[in-house]
Amino acid sequence: MTEAVGLYFHVPFCLKKCPYCDFYSVAKKPEEKEFLAIIKEDIRRKKSLLEERFFLREIRIITFYAGGGTPSLLSQAFYESLFSELSKHFIFEPVELTIEANPEGLTLEKLSGYKEVGFNRLSLGVQSLANRGLRFLSRVHDAKTALKALEMGAKVFENLSVDLIYGYIGQGVKTLLKELSLLLNFPVKHISLYELTPYEGTPFAERFGERQRQKNLRLGRKLFLASHEFLEERGFIHYEISNYAKPSYFCQHNLLYWEFKPYLGIGPGAVSRIENLRWKDDEVLEELTPLDMAKEVIFMGLRMQKGFSTLQIKRLLGFSIPKEDLEPLLKEGLVVLDGERVCPTLEGFLRHSLVVKYLWQVVEALYKEGGR
Ligand code: SF4
């Protein structure tokens, strides 16, 4: 049997740990030789697991995403060896190969090297184009370095994506729109726009008191709506709750997660999911029941403008969500129906957790009753 999957490669190294970051990464420069040996072993283990547990003899890698951490701390030669190893074990024919890069330490030569080895999409961790914002986020780079990186990135990569964070203290609608205008001086095709969130366990969680959280909640809504309007007017599609893209530049790799398609992860901390099994390294984290999978389809689907398919829910659970159960959401203007799809409105995006919670309760109750 052949399975088509997306492959995520986790690079757990950064120059410095950012105080808001809850990703697994350590402030350390990578020892490439040592790290490559670990990754090769990981690939071999994953391959045997896929053969033994899923009887999959052929795996086709359709997207590749190097994320982190800071994948741009690794050299062109490293990726050359990695891709050649992957080709030995899988049908390695990704249509989209993304590398995340931080602005510090980037050069035209380095970027060209990544392109030469096969990457066709660059995701730049700009985060802010204001020195005030970058200082607040304790980033290594300043605005000048970010602008330089954008200039170089656009020279080498036609498919250029940028990560931005909004909601740092001191940023209002005006400053956010100024940063977005500055950004759009470059031919950026994709923007990931995340709200600054003080995740538990990070130094920022301690710094942000309850009053600040409440204030941010109100401001966050304003910033979200203002950026939505600004970017849509300039031809970007708000295709996912935190992602905007020009037509035909949606991130193919991330769509696999949101559409509940199978993916493999390599590198420390990377999670894989095929069928109903989710695992990390050799450890099975979860065996998902049909109800778990339906809930994930709802959660992930409602992150996308195109929503989730009720047919997919029916395939998993054996019953559909009756229209009467969608009525409260339709009435409140939180979702709309598009054929068999339930799609969030802009207000539905803003109240994503509430919509998800409601629909989870609906499917849980139906599941208990065995459908209606
Ligand atoms: S550079 Fe990115 S991955 Fe590394 S610590 Fe900062 S936010 Fe986290």
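The rules behind each value
- Residues numbered from 1 in each chain as written.
- Predicted model: local features only at pLDDT ≥ 70, side-chain atom pairs only at ≥ 80, totals over all residues.
- Heavy atoms only, no water.
- Domains from an automatic or database assignment.
- Contact = heavy atoms within 4.5 Å.
- Buried area = accessible area lost by both parts, 1.4 Å probe.
- Salt bridge = Lys/Arg side-chain N within 4 Å of Asp/Glu carboxyl O.
- Polar contact = N/O pair within 3.5 Å; in protein donor to acceptor, adjacent residues only side chain to side chain.
- Helix = DSSP H or I, 4+ residues; strand = E, 2+ residues; numbered from the N terminus.
- Nonpolar A, V, L, I, M, F, W, Y, C, P; charged D, E, K, R; others polar.
- Phe/Tyr/Trp six-rings, centres within 6.5 Å; stacked < 30°, edge-to-face > 60°.
- Buried < 20%, exposed > 50% of the residue type's maximum accessible area, 1.4 Å probe, protein only.
- Lys NZ or Arg CZ within 6 Å of the ring centre and 35° of its normal.

On to the domain arrangement of the protein, then. Interface size, as often reported, equals the accessible area lost upon joining of the parts. The domain architecture assigned to the protein consists of domain 1 (2-256) and domain 2 (289-372). The centre of domain 1, based on its C-alpha atoms, is set 29 Å off from the matching centre of domain 2. Contacts between the two partners involve twelve residues from domain 1 and, on the opposite side, eight residues from domain 2. Roughly 960 Å² of surface becomes buried between domain 1 and domain 2 when both sides are summed, with 63% attributable to carbon and sulfur atoms. Joining domain 1 to domain 2, the criterion identifies two salt bridges. As a salt-bridge pair, arginine 303 and glutamate 240 come within 2.5 Å of each other at their nearest N and O atoms. Connecting domain 1 to domain 2 are four residue pairs in polar contact (both at pLDDT 80 or more). Those elements giving two or more residues to the side of domain 1 that touches domain 2 turn out to be helix 8 (210-233) and strand 9 (237-240). Ranked by residues supplied to the side of domain 1 that touches domain 2, first place goes to helix 8 with five residues. By residue class, the composition of the side of domain 1 that touches domain 2 is six nonpolar, three polar and three charged.

Aromatic ring pairs are defined here through the distance separating the ring centres and the angle between the ring planes. Inspection of the entire model under this criterion finds 25 aromatic pairs. Judged by centre distance (6.3 Å) and plane angle (85°), the ring pair of phenylalanine 9 and tyrosine 79 falls under edge-to-face. Separated by 70 residues along the polypeptide, phenylalanine 9 in strand 1 (residues 2-11) and tyrosine 79 in helix 2 (residues 76-89) bring together distant segments of the chain. Geometrically, the ring pair formed by tyrosine 239 and phenylalanine 250 is stacked, given 4.1 Å between the ring centres and 10° between the ring planes. With tyrosine 239 in strand 9 and phenylalanine 250 in the loop between strand 10 (243-245) and helix 9 (252-258), this pair connects stretches of sequence that are eleven residues apart. Classification of tyrosine 239 as buried rests on a relative accessible area of 3%. Under the relative-accessibility criterion, phenylalanine 250 is labelled partly exposed at 26%. Lying over the aromatic face of phenylalanine 236, lysine 246 brings its terminal NZ or CZ to 4.8 Å of the ring centre.

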